[in-house]
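# Examination of the molecular architecture
For reference, the chains in residue letters:
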Amino acid sequence: MVENNNNPRFDQTQHSLRQGCRQLRTGCLLLLILTLMAFCSLCYLLFLPRRAHAIAPAPAPLSVLLIIDNSNSMFDKNGVGSDPDLLRLDAARLFIAYLGVDDRALIHRVGVIFFGSRPETITTLTPLINDQQRQELTARLMTNPARLGWTDPLAALSLAQTELGHAQRPAIILLTDGKPEWDYTLTPAQQTEYIAQLQAKSAELAQAGIPLFIILLANQTTDADPEITQTWQPLWQEMSAATFPGRFF
């Protein structure tokens, strides 16, 4: 896939495909393939050595935590929702199903966290030993997820950092519609403080060697929200860029 970190249009492509999802299953399939390509590119970046070596070392297994936004805004609300078809869960299943299938000698580990007002660990880091293990892990995502209230990605990132601990080749993949929310309106001072806390968290992740990959799930509703474009999207770009080789899509 072609990556444009400064002006990502992954969200625009996703919006265009989703418009036909209910009528054409082909559109949904293309969306999932595109998302899978994004996931694969993230893993490819993780395998790249940071310095040139005469003999490249063998890659080590990955330890990846998927953080999936299941806040109210992700679901259908009177015809409005960032991902009412739950395509984010289909993308997670594809990622789990295909991570490492080209090299069975590498036993990668994957964990899943759902979040809204609070984060919930759906599964801790689990080794993808065989197809049965992958199926058992994806089965945890099959049931309809509960709506988890408002949107606090900071709490989810903190939990993910704790879950990863000292895991080798750690990474976090965050799927969200891009806007933290509460059941009240933040004052400008409160918003500034929350942004500072997110920036501090990305600095902690960088210090711990944990790259952060952020995939913005968007449609016409999120595109029409100027606060996402003006405030939050630049922050996600900054946070992912600070955690090399993290990326924003």
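Refer to the structure above for everything that follows.
Residues numbered from 1 in each chain as written. Predicted model: local features only at pLDDT ≥ 70, side-chain atom pairs only at ≥ 80, totals over all residues. Heavy atoms only, no water.

On to the overall build of the chain, then. Helix and strand content of the chain: 8 helices and 5 strands. Listing each helix as α and each strand as β along the chain from the N terminus yields α-α-β-α-β-β-α-α-β-α-β-α-α. Considering the chain as a whole, with its 249 residues, one finds that 51% of them fall into the buried category. Accessible surface for the chain amounts to roughly 12,000 Å². Of this, 53% is attributable to carbon and sulfur atoms. (Helix = DSSP H or I, 4+ residues; strand = E, 2+ residues; numbered from the N terminus. Buried < 20%, exposed > 50% of the residue type's maximum accessible area, 1.4 Å probe, protein only. Areas by Shrake-Rupley, 256 points an atom, 1.4 Å probe, with all protein chains shown as cover.)

If you check helix H6 (residues 188-207), its first and last C-alpha atoms are 29 Å apart, about what 20 residues at 1.5 Å a residue would give, namely 28 Å. For H6, every residue scored as buried is listed here: Tyr194, Ile195, Leu198, Lys201, Ser202 and Leu205. Axial view of H6: buried residues confined to an arc of 115°, hence all on one face. Set apart from the buried face of H6 by more than 90 degrees, the exposed residues are Ala189, Thr192 and Gln207. In the core, the buried residues of H6 are packed alongside helix H5 (153-164), strand S4 (170-176), strand S5 (212-216) and helix H8 (226-241). Immediately downstream of H6, the backbone of Gly209 shows phi near 75°, a positive value. (Expected span 1.5 Å × (residues − 1). Arc of directions from axis to C-beta. Contact = heavy atoms within 4.5 Å.)

Our focus in this paragraph is the pairing of S4. Burial of S4 is extensive: 7 of the 7 residues sit out of reach of the surface. Across the two faces of S4 the burial is the same, with Pro170, Ile172, Leu174 and Thr176 and Ala171, Ile173 and Leu175 all buried. Pairing geometry for strand S1 (residues 63-69) and S4, over 6 bridges, is parallel. In the sheet register, Ile67 faces S4, and the bridge partner there is Leu174. What joins S4 to S5 is H6, and the crossover it makes is right-handed. (Pairing = 2+ DSSP bridges. Right-handed = clockwise from strand over helix to strand, strands pointing away.)

Moving on to the pairing of strand S3 (residues 119-127). In this structure, strand S2 (residues 109-115) lies alongside S3, joined through 6 bridges in antiparallel fashion. Following the sheet pairing, Val112 is matched in S3 by Thr123. Hairpin geometry of S2 and S3 is characterised by an intervening segment of 3 residues between the two adjacent antiparallel strands.

One can find Ala156 in helix H5. Counting along the chain gives 41 residues from Ala156 to Phe115, while the straight-line C-alpha distance between them is 6.1 Å. With residues up to four places along the chain from it excluded, the contact list for Ala156 reads Ile67, Ile113, Phe115 and Pro119.

The relative placement of two aromatic rings is captured by the distance of their centres and the angle of their planes. Per the counting criterion, the structure on display carries 2 aromatic pairs. Taken together, a centroid distance of 4.7 Å and an interplanar angle of 90° make the contact between Trp182 and Tyr194 edge-to-face. With Trp182 in the loop between S4 and H6 and Tyr194 in helix H6, this pair connects stretches of sequence that are 12 residues apart. We note that Trp182, like Tyr194, is buried. (Phe/Tyr/Trp six-rings, centres within 6.5 Å; stacked < 30°, edge-to-face > 60°.)

Here we come to the sheet that holds S3. The strand order across the open sheet built from 5 strands is S3-S2-S1-S4-S5, with neighbouring strands paired in mixed fashion. Strand pairing shows two members of the sheet lacking a second neighbour, S3 and S5, which therefore form its edges. Here the average twist between neighbouring strands, direction ignored, is 15°. As judged from the 7 bridges shared by S1 and S2, these two strands associate in the parallel manner. Each residue of the ladder has a partner; that of Leu65, found in S2, is Gly111. The sheet strands contacting H5 are S1, S2, S3, S4 and S5, and the helix crosses S3 at an angle near 30°. (Axes fitted to C-alpha atoms, helices over the stretch in contact; angles between N-to-C directions.)

Along its 12 residues, helix H3 (residues 87-98) runs 17 Å from first to last C-alpha, staying within 8% of the 16 Å computed at 1.5 Å per residue. Listed as buried for H3 are Leu87, Arg88, Leu89, Ala91, Ala92, Arg93, Phe95 and Ile96. Of the residues one or two after H3, Gly100 is the one with positive phi, at around 80°.

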